[in-house]
Amino acid sequence: MGHLAQNRPAAYQPGMTQHAHDRLLIIDFGSQVTQLIARRLRELNVYCEIHPFQKVDDAFLRAFAPRAVILSGGPASVFDAGSPRPPEAVFSLGVPVLGICYGQQVMMHMLGGKVERGHGTAEFGRAFVTGAGERLDLLDGWFTAGREQVWMSHGDHVSQIAPGFRVFGTSPNAPFAITADPDRRFYAVQFHPEVHHTPNGKRLYENFVRIAGFTGDWTMGAYREEAVRLIREQVGDAKVICGLSGGVDSSVAAVLIHEAIGDQLTCVFVDHGLLRQNEAAEVVTMFRDNYNIPLIHADEADLFLGALEGVSDPEVKRKTIGRLFIDVFQKYANGIEGAEFLAQGTLYPDVIESVSFSGGPSVTIKSHHNVGGLPEKMGLKLVEPLRELFKDEVRALGRELGLPASFIGRHPFPGPGLAIRCPGEITTEKLAILRQADAVFIDQIRRHGLYDDIWQAFVAILPVRTVGVMGDGRTYDFACALRAVTSVDGMTADYYPFTHDFLGETATRIINEVKGINRVTYDITSKPPGTIEWE
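Please read all numbers here as calculations on a predicted model, not as lab measurements.

Considering the overall build of the protein
Alright, step 1. Of regular secondary structure, the protein possesses 15 helices and 20 strands.
Alright, step 2. Long-range contacts, defined here as pairs at least 24 residues apart, represent 78% of the contacts in the protein between residues at least 6 apart.
Alright, step 3. Here the protein displays about 22400 Å² of accessible surface, and carbon together with sulfur accounts for 49% of that area.

Examining helix H6 (residues 248–261)
Alright, step 1. Taking 1.5 Å of rise per residue, the 14 residues of H6 would be expected to cover 20 Å, and the 20 Å separating its terminal C-alpha atoms lies within 8% of that figure.
Alright, step 2. Counting buried positions along H6 gives 13 out of 14 residues, so the element sits mostly inside the fold.
Alright, step 3. Gly 262, located one to two residues past H6, shows a positive phi value of around 60°.

Some points on the sheet that holds strand S13 (residues 265–271)
Alright, step 1. Read across the open sheet, the five strands follow the order S14-S13-S12-S15-S16; overall the sheet is parallel. Two strands bound the open sheet, and with one partner strand each, they are strand S14 (295–299) and strand S16 (381–383). Put simply, the sheet's adjacent strands are angled 30° from each other on average, direction ignored.
Alright, step 2. Taken together, the three bridges between strand S15 (residues 339–343) and S16 define a ladder with parallel strand orientation. By the bridge assignment for S16, Ala 343 is matched with Val 383.

Some words on unusual backbone geometry
Alright, step 1. A cis amide bond, omega -15°, links Lys 527 with the succeeding residue Pro 528.
Alright, step 2. Counting through the fold element by element, Pro 528 comes out in the segment after strand S20 (517–522).
Alright, step 3. Here the bond from Pro 528 into Pro 529 is cis, since omega is 15°, no more than 30 degrees from zero.
Alright, step 4. Among the structural elements, Pro 529 can be located in the segment after S20.
Alright, step 5. Backbone geometry places Asn 45, a non-glycine residue, at a positive phi of 65°.
Alright, step 6. Position of Asn 45 relative to the elements: it lies in the loop between helix H1 (34–43) and strand S2 (47–52).

As for the pattern of salt bridges
Alright, step 1. Inspection of every chain in the model, using the stated rule, returns 25 salt bridges.
Alright, step 2. Arg 229 serves as the salt-bridge partner of Glu 233, at 3.3 Å between the closest nitrogen and oxygen. Pair noted here: Glu 233 and Arg 229 are both in helix H5 (residues 220–235), with a separation of four residues, about one helical turn.
Alright, step 3. Between Asp 443 and Arg 447 there is a salt bridge; the shortest N-O distance is 2.9 Å. Highlighted residues: Asp 443 and Arg 447, both in helix H14 (residues 428–447), separated by four residues, approximately one helical turn.
Alright, step 4. Overlapping salt bridges bring together Asp 443, Arg 447, Arg 509 and Glu 513 as one network.

What about the side chain of Glu 533?
Alright, step 1. Mapping Glu 533 onto the fold places it in the segment after S20.
Alright, step 2. A distance of 2.8 Å separates the side chain of Glu 533 from the side chain of Arg 421, its partner in a polar contact.
Alright, step 3. Within polar-contact distance, the side chain of Glu 533 engages the side chain of Gln 456 at 2.9 Å.

Overview of the layout of surface pockets
Alright, step 1. Roughly 530 Å³ of volume is contained in the second largest pocket.
Alright, step 2. Lining the second largest pocket we find 21 residues, and of these Gln 277, Glu 282, Arg 410, Ile 442 and Arg 446 sit closest to its centre.
Alright, step 3. Within the residue set of the lining of the second largest pocket, elements represented by two or more residues are helix H7 (279–290), helix H13 (405–408) and H14.

Some points on the nonpolar core
Alright, step 1. Of all hydrophobic cores here, the largest spans 47 residues; its most connected members are Phe 329, Phe 441, Ile 445, Ile 454, Ala 484, Phe 498 and Ile 510.
Alright, step 2. Secondary-structure elements contributing two or more residues to this core are S13, helix H8 (301–308), helix H9 (314–333), H14, strand S17 (456–470), strand S18 (473–486), helix H15 (500–513) and S20.
Alright, step 3. Apart from residues lying up to four places away in sequence, Ile 454 is in contact with His 411, Ile 445, Ala 484, Val 485, Tyr 496 and Phe 498.
Alright, step 4. Judged by nonpolar contacts, the second largest core, of 45 residues, contains Ala 253, Ala 260, Leu 403 and Ile 408.

Focus on the packing of H5 against H6
Alright, step 1. In contact at an axis separation of 9 Å, H5 and H6 are set at 65° when each is read in the N-to-C sense. Both H5 and H6 take part in a crossing whose hand is right-handed. Here H5 contributes Arg 224, Ala 227, Val 228, Ile 231, Arg 232 and Val 235 to the contact with H6, which in turn contributes Leu 256, Ile 257, Glu 259, Ala 260 and Ile 261.
Alright, step 2. Split into classes, the residues belonging to the contact of H5 with H6 amount to eight nonpolar, no polar and three charged.

About the criteria used
- Residues numbered from 1 in each chain as written.
- Predicted model: local features only at pLDDT ≥ 70, side-chain atom pairs only at ≥ 80, totals over all residues.
- Heavy atoms only, no water.
- Helix = DSSP H or I, 4+ residues; strand = E, 2+ residues; numbered from the N terminus.
- Contact = heavy atoms within 4.5 Å.
- Areas by Shrake-Rupley, 256 points an atom, 1.4 Å probe, with all protein chains shown as cover.
- Expected span 1.5 Å × (residues − 1).
- Buried < 20%, exposed > 50% of the residue type's maximum accessible area, 1.4 Å probe, protein only.
- Pairing = 2+ DSSP bridges.
- Axes fitted to C-alpha atoms, helices over the stretch in contact; angles between N-to-C directions.
- Salt bridge = Lys/Arg side-chain N within 4 Å of Asp/Glu carboxyl O.
- Polar contact = N/O pair within 3.5 Å; in protein donor to acceptor, adjacent residues only side chain to side chain.
- 1 Å grid on protein atoms, 1.4 Å probe; cavity = no way out; pocket = protein on both sides within 12 Å on 5 of 7 lines; lining within 4 Å.
- Points joined across faces, edges and corners; volume = space filled by probe spheres on them.
- Core = buried A, V, L, I, M, F, W, Y, C linked by side-chain atoms within 4.5 Å.
- Left-handed = near helix turned anticlockwise from the far one by under 90°.
- Nonpolar A, V, L, I, M, F, W, Y, C, P; charged D, E, K, R; others polar.

Everything listed here is a matter of coordinates, which is why it stays silent on function.
The structure is reproduced here in structure tokens:
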């Protein structure tokens, strides 16, 4: 159930980050892959933050005091009226600056170079960059085979580099694919080194942070110590309530906070009756027995399932579950005397995505289960000890805290639970069938050693019955769909390529072991165009 509210600061405020690490600033111009830049840097133990260009002015730069700056890509053209710009002060900080794609173009445009519209020089997809012969510190160890594969995504192109810059790499449609002013430590590339399709892109980031003098002090061991200290300072002697879902985020947050303040923390586990097989018992056992964390098991399955009776619209399902979750959580939390804080498993992508780059509305693909407003209703202050971390960092912190590896590596599970894996009306019969089928599918994946290769796997029970034959009799039972995807962050995903032998064996087990299913299908839709979940 992750984060329960969205009333967090919209962007960086001077002094918000209280640790002493050197910081790298990523100025976001709206690229869909800006988060990947930050993740690459975090993997190098470098602390960085992403902020939209609108929020970055001279005062911001002074308060943030970055050791280096990266200008992201983006969909705009420097020729557009009001097109994004970094403040000119970025170029007088005396720190290394790296411009990527649009970041390169805007750098050249502002520093005296020229940019031209496409006119046959646009590049989208794979390209190859060849070195220009001169050595550049950013490229140390990069041109391993004389040329490097990169990922291009640009319409406009640099036609004249700014004074002081020289060319260090070219591609067929980008004669200034890599440019730099080494004296000022300004670097600019037309491609995206952060994406998977630039295989050696990590080396560029390694070189850039080395040039900037980062020491790689951003580790989960250090973060753990700092977070414990900050939680104690923030909470004092007050009590904290944590909404525990059993997922990785809320669980790591709970264990971290418990390490800081002990029995001042109480967890509330809302059991809405839409969990997987044996999941409620496993969560209760782990936190009560293994960690001795005070836990309220709020078993409200009858309330949720009663409210969902006859409901088939997925948006209504999500909103009903979200509304009831808040009501139930508030009911149990009100019984905890002296509680002043609400703990949430908010992650850094949640913080980034709460800021609209354009300032305008975005299209609603699906409502998230965690409806905002809970802290305002309850008058509680927020404790969000994971708000600076990406998902993979949360898993690393969980390992640092000693959570079981099998738990840390669990696939994501949606807040609305099995409700969105049961298209159409939800019934106790369909939920029971779905739980059994899902358990068989996951058991099959584990038996074949595939669990850790898959981002998420589950069964959806379909709102249709099909004719079948079992033994000498006719059946008329439900069909189900298996779903398994690979992904890095859930933003895009591809189906997992099971063998036909695996699928056949799994289908046979489900039909033989789960009464109520007589037909098994495998969903091979990628995201996009589909979503990972069915609703």
